[in-house]
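# Observations on the three-dimensional arrangement
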Amino acid sequence: MIKHTLLYSAIVLSGCTSAPQLDLSVIDGITSYTFIPHLTEAIPGNKSGMHLYDKATDTHHIYLIRSEFPRCLEHEVLHIIFGNWHKGRDSIEYCSQ
Ligand SMILES: [Zn+2]
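Anyway, here's the lowdown on the structure attached to this text. (Residues numbered from 1 in each chain as written. Predicted model: local features only at pLDDT ≥ 70, side-chain atom pairs only at ≥ 80, totals over all residues.)

## Overview of the nonpolar core
Counting residues in hydrophobic clusters, the biggest one holds six residues: Met-50, Ile-62, Tyr-63, Leu-64, Cys-72 and Cys-95. Aside from chain neighbours lying at most four places away, what touches Leu-64 is Pro-37, Leu-39, Gly-49, Phe-69, Arg-71, Cys-72 and Leu-73. (Core = buried A, V, L, I, M, F, W, Y, C linked by C-beta atoms within 7 Å. Buried ≥ 20, exposed ≤ 12 C-beta atoms within 10 Å, placed from the backbone. Contact = placed C-beta atoms within 7 Å.)

Rendered as structure tokens:
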């Protein structure tokens, strides 16, 4: 039930092309993250992956299509580290199989 609640209240982030400029200063062990992977049959909007952050538990949830795993895992992990790294555009970068 929680899974479905989170799924439908999520911000869908996926779907694009050119390589982004990422601020690498936010990594190198400065921060740790907790994330829970969820494999599902479909994601709203026919997305290949989805990330959502549950602020109440300080936990990141990554939703991926079960039959395509690990497609988009890298893309969604980048959301954990960099937040909305392809802000304002859809992206499928780092979603190769
Ligand atoms: Zn994305």
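There's more to say after this.
## Regarding the environment of Pro-20
Mapped onto the fold, Pro-20 is located in the loop between α1 (2-8) and β1 (35-40). Sequence spacing of Pro-20 and His-86 is 66 residues, and the spatial spacing of their C-alpha atoms is 7.2 Å. The contacts of Pro-20, once residues within four sequence positions are left out, are Trp-85, His-86 and Glu-93. (Helix = DSSP H or I, 4+ residues; strand = E, 2+ residues; numbered from the N terminus.)

## Regarding the pairing of strand β3 (residues 59-65)
Direction of pairing for β1 relative to β3: parallel, over a ladder of six bridges. When the sheet's bridge partners are listed, Phe-35 is paired in β3 with His-60. Alignment of strand β2 (residues 49-54) against β3, held across six bridges, turns out to be antiparallel. Each residue of the ladder has a partner; that of Tyr-53, found in β3, is His-60. (Pairing = 2+ DSSP bridges.)

## Points about the sheet that holds β3
Picture the strands of a sheet paired through backbone hydrogen bonds; they go either parallel or antiparallel. Spatially, three strands are ordered β1-β3-β2 in an open sheet, and the strand pairing comes out mixed. Where the open sheet ends on each side, the last strands, each with one partner, are β1 and β2. Going across the sheet, the axis of each strand differs from the next one's by a mean of 20°, ignoring polarity. (Axes fitted to C-alpha atoms, helices over the stretch in contact; angles between N-to-C directions.)

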